[in-house]
Each structure stands twice: as structure tokens, then as C-alpha cells.
Amino acid sequence: MANDTITDPGDKPKTLLGADELVLNMGPQHPSTHGVLRVKLKLDGERVIGSECMIGYLHRGVEKIAEHRSYQQFAPYVDRMDYVAAVSNGLGYCEAIEKLLMVEAPPRARVIRTILTELQRIASHLLWLGTHALDIGALTPLFYCFREREEILKIFEKYCGARLTTHAFRIGGLQYEAYDTLEKDVERFCKAFDSRTKDYEELLTQNRIWLGRTKGIGILKAEEAIAIGATGPVLRASGVKWDLRKAMPYAAYDQYKFEIPVGTTGDTYDRYLVRMEEMRQSRLICLQAIENIPSGPIMAKVGKVLKPPPGEVYHAIEAPKGELGYYVISDGTVQPYRVRIRPPSFVNLQAFDQMARGHLVADVVAIIGTLDIVLGEVDR
Amino acid sequence: MADEPKEKQPSPVPAGDQPASSPAVAPPAKPAAAAPPAAAPPKPAAPVPAKPPVQLQTPLTNEMVGRVRAKFGTALVEAIEDRKQAILTVECAKLGEVAQYLRDEEKFDLLSDLTAVDWPKREKRFDVVLNLYSFAKNERLRIKARAADGEEVPSVTGVWPTANWLEREAFDMYGIVFAGHPNLTRILLPEEWQGYPLRKDYDIIEQDTTWVKDNLGIESGQ
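Residues numbered from 1 in each chain as written. Chains lettered and ligands numbered in written order. Predicted model: local features only at pLDDT ≥ 70, side-chain atom pairs only at ≥ 80, totals over all residues. Heavy atoms only, no water.

Considerations on the interface of chain B and chain A
- Counting residues at the interface gives 54 residues for chain B, matched by 56 residues for chain A.
- Each partner contributes to the roughly 4700 Å² buried at the junction of chain B and chain A, and carbon and sulfur atoms together form 59% of this total.
- When the buried area of chain B at its contact with chain A is split by residue, Arg83(B), Trp165(B) and Leu188(B) rank highest and sum to 16% of it.
- Glu323(A) is the partner of Arg140(B) in a salt bridge, and the nearest nitrogen-oxygen pair spans 3.4 Å.
- The interface formed by chain B and chain A holds 29 residue pairs in polar contact (both at pLDDT 80 or more) in total.
- Contributions of two or more residues to the side of chain B that touches chain A are made by β3 (85-90), β4 (110-118), β5 (126-134), β6 (139-147) and α5 (163-174) of chain B.
- Residue contributions to the side of chain B that touches chain A peak at eight residues, all from β4(B).
- Per-class residue counts for the side of chain B that touches chain A are 30 nonpolar, nine polar and 15 charged. (Contact = heavy atoms within 4.5 Å. Buried area = accessible area lost by both parts, 1.4 Å probe. Salt bridge = Lys/Arg side-chain N within 4 Å of Asp/Glu carboxyl O. Polar contact = N/O pair within 3.5 Å; in protein donor to acceptor, adjacent residues only side chain to side chain. Helix = DSSP H or I, 4+ residues; strand = E, 2+ residues; numbered from the N terminus. Nonpolar A, V, L, I, M, F, W, Y, C, P; charged D, E, K, R; others polar.)

So, in C-alpha cells, the structure goes:
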């Protein structure tokens, strides 16, 4: 079997193990790998001295499918990549095609998109928090997190009928007008959510076990994070103040005030703090946005048959997990010539090896959790 | 949306210009032929009338392009702008040096994405596409290198370590060989898989039937 080989980046594959060394296969069926991730760990006792991620178990070839669908037909497929943040995927795709068509969604559509996308960010971070804490041994936060996430999913359900793979947006704007009580629902959620985040923090932030399991684990320095291409909370926890919502604003983000939380050491605990603060900032964005939703049309003038002029765009948004980029080439026909999806999870997962080296097997679980990967997006 | 019908009078100028810019290889003939009948009778109520093809790829000249040209001369094959995005095409063999220069001197420190595109009708059928980002300038830049089937493309893993998996994916999907890559193996597909699925001549329902039979024990994966 090829299972006793570990390939170090920069090294030739080694087949010989030292007397104390052991190769451990973790996954693909392992509850804390958050899907079908398989990690080959090379261990010296309990300590990780090398690792290799084996991915592709969930590969569905969405980029190939995209070349055989029309622009609108492909839109629901992107929901199935990062299936816990489908709204964000849809936003990135729709905006990329709009850029290709050189149209812009009307202001009302952009604000509603922003609200839903920020709710989605909270939902995605809640799922991360619940499962991450569960992996490390804290059972309670999971139930709290799912309680709040449920409220967000209910808003999505009321808006478009779906909870997870929402397909909430359309190229050029929105399919559905906001339902009557959308603002009220969002406001009620945001009002309640403030004290709920305090509840999570009470459970974890000063918890000695939590501190012991996350402080100093999986450190990623700023230069390392940039070199490995990490984006999103993983990059910010390393101290790089960079958020695409601020750097290259899209949707309606330029209208709202919010802070970009950053960490200092780039360990698992910092990433926890950054994501907690991001949830609070997302809540503030939602509150600002529902104050003033402009009236007007929700759909720009786009034809029923989309034939973007030949050319190409790369459009990236700040998805909950990092930079989600779409590189789309049009040849002037109804089908895209090429759709490349730059998945944040895939690139962030690459940092796993350098983060895990030197830590214990139990910490591997914490590191996978803190990277916040979704295998649907890693494998596409 | 700019709805007023844009009249693009000088068709010969862009048409002569177009074959150089890659995405325009097929379309100029087709929309030009298809546009007049579509615009004239059948859909008067359609919100967007079929427009004559507008030349969106324009030559790009700015200080950075000047510096790159001064340093690399003819190795910079083309510099164009498409929808306000800067795109540089460089000679494949020089990709490594250009990458090093852009990271060190022009501060493009983040490799957002590396991928490939297949243009089977072209002599050098692949485009290796790098999407760069500079934190200092808050700017994006796209670098392309054309490579023939089997031609070795210099790996940029030494410049941006993140290229490691991205190049493996390009190899997996297109069979592009990156010279100097530390571990160029398939990443998403099984190691024994035959064929490169994202090539244009690989059909959407095509698969490695031998692999499927041997490993899944079924005649067809469909």
C-alpha cells in the first residue's frame, strides 16, 4: 500500500519510517474532519512530524459542468460548493457575471443582498463555532449555535423557500422581493443575538480548558499566511488587516461602518476571537442595512438569454471562509467558456501541514476545526 | 446598464487586433454574422437589443507595464485591459522570472489563484493564468503564459508557496507539467486516473471506464 509514504513539500517521497515513527490515517470517515477529508499523519509518538491531506472524495467537476450550462443554469450549482454559506457563493457568482455583462444590480437589490449575505456569514460562523467547540470537547455551544442558526435559516426560508442551497440571487439582481416582515425579522434576530454572543463567550473565552486547547496551537505568522495564500479570518487572525469588503467593496458594503477584527499571534485562539468579533460586526452591518433599504426595482435590465460580450473577469468576494473568486471567460455564446472557482477552503487547507507540525494528534482536530473548511468547496 | 446602442464603426481595427487577445479567437466571426438578423426583425420588445461586438480588450499602457517591458523586453508578449482589469501575457519560459520580479519589485505578494484555460484550436493550446493581488497597492493583476501540450511551464511554487496545490490542480485537470514543482501529482482525481477532464476535448460524460470498473466494480459511473 502507498499508505506508509508521506510526501513532504519540498522533499522526495519517503518510504522508510524511523523506528519510532508511525503513519496514521485520519478520515475520510472521521467526525472531526468535517466531511470527507483524509489526512495522513506521520507521528513520532503522539507528535505530528509530517502530514498530507488527501482530498477529492467529493469532487463533482463543477467547473466542467459550468462549461455545459447556460449562465443562469449554472447559478444553483455554486450553492453546493460551500453548502453552509450558499448565499455568499451565489453573490460572488452573480456579481462576476454582472461584471462580465457590464451591468449593475439596482441599489435595493444590493442592500438586500448585503443583509442576506451578512446573515449567512453569521450562520456559517455559528456552524463553525458549534462544531469547532464540539471537536475540542465543549458540547454545549453546539446547541446554542444551532438555535441561532435556525433563526437565520428561517429568514432564508421565508425569503426564498430554501434553507441551505438557497439560490437566493439572480444575475442582475433578485428574483424575489423582500417579504413584508424581513426587516422586523432581521431586527429581532440582531437584537437578540447581541446577548447570545455574550453567552458563547462566557462559555469559552475564559474557559481554562478552551484556552489550553487553543492557545498557541496551529500558529500561522503573517508572512507565512500570505505566502500560503490564506485569506479570510485565517489571514486576519495572523494580524493582516485585510478584508475584501473594505479593500474592494462590492454589493453595498461601502455604505456601512464596520471594523475589521485582527489577531496578533495567529493561533487557534486568535482565530476564534476574530470570528466571534466578525459575527458582531456582521450584526451591526445588518442593523445599519435594515434602517434604510432603498425602494426601486430589484432587477437590472438583463435579457432572458445572457450572452456576455467576449472577455474575462476575475471577481472575488469576502466569503465567510475567505476570498471566494470567480474567474469567468465568455466567448460570446450562451455558455461560459470557462468558469474557474477560487475556493477559500482549498487554499486555506494548504496551510494545515505547517500548522500541524509539532503538535499532538488531539490538536490536529482543533486545527482542522479552526481552518473552517467545507469539503464541498475544497473538492468542488 | 448602458442601454443606448453602441455603434462600433471601425470593425477592421479591432478585428485585426483581436486574434492576439485570446478569448476573442472564436467570437468575432460569429456575433458579427448573428447580430444583424437578431437585431432586425424577431424581437422588437426584447429589453436588450443585440449589440454589435464592442472591443473590450484594449492595449494597456501604464508605468508598471513600462517597467515590466523595460526589464523583460519581448518576453512581455502583450499587455491588455479588459473591463478595467490588467492582463499581461508573458513568454512561458520567462514566467518564473517575471513572477519573482512582480512579487519582489511590484509587491504582488498574494497569489490569489492559479489556473489554466484550454484553447484547443490554438497552436499553444493552454493559458496558465495567475491572478495576483498586491496588499500595498490594493490592485489585482493577471498574468498569462501560453503553453503547448507537453511543454513545461516553470513552477512558481518558489515564489508563492500557495501555487503548490493550485499547480497540482492545473496538472490534474489539464495535464500541464510544471517544471520544478516539488510534488506534481494528481490532487482531486485518483492517482491512477487516465485523462485530463477540463480539456475541451474531454467530453462531459466521459470518464476513465477502466478505473471505474476496477475500483467501483460497475460498468459505468453514470
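Overview of the side chain of Thr214(A)
- Topologically, Thr214(A) is positioned in helix α7 (residues 208-214).
- When near neighbours in sequence (up to four residues on either side) are disregarded, Thr214(A) contacts Ile136(A), Asp267(A), Thr268(A) and Tyr269(A).

So, the nonpolar core
- Of all hydrophobic cores here, the largest spans 95 residues; its most connected members are Leu349(A), Phe352(A), Leu114(B) and Leu130(B).
- When residues no more than four places from it in sequence are discounted, the contact partners of Leu349(A) are Leu37(A), Cys53(A), Ile55(A), Leu371(A), Ile373(A), Val378(A) and Trp165(B).
- Ranked by size, the runner-up nonpolar core spans 80 residues in total, among them Ala66(A), Phe74(A), Tyr159(A) and Phe258(A). (Core = buried A, V, L, I, M, F, W, Y, C linked by side-chain atoms within 4.5 Å. Buried < 20%, exposed > 50% of the residue type's maximum accessible area, 1.4 Å probe, protein only.)

A closer look at the pairing of strand β3 (residues 47-54) of chain A
Residue and element names in this part refer to chain A.
- In terms of burial, β3 is largely enclosed, as six of its eight residues are buried.
- Pairing of strand β2 (residues 38-44) with β3, which is carried by seven bridges, proceeds in the antiparallel orientation. Bridging across to β3, lysine 40 finds its partner in glutamate 52.
- Once β2 ends, the chain turns through two residues before running back antiparallel as β3, passing glycine 45 with a positive phi of about 70 degrees. (Pairing = 2+ DSSP bridges.)

Considering the pairing of strand β7 (residues 322-330) of chain A
All names here are of chain A.
- Counting buried residues in β7 gives nine out of nine residues, a clear majority hidden from the surface.
- As paired strands, strand β6 (residues 311-319) and β7 are joined by nine bridges and run antiparallel to one another. Paired with glycine 311 across the bridge in β7 is serine 330.
- The antiparallel pairing of β6 with β7 creates a hairpin that spans two residues between the two strands.
- Pairing geometry for β7 and strand β8 (residues 338-342), over five bridges, is antiparallel. Opposite tyrosine 327, over in β8, you have arginine 340 as the bridge partner.

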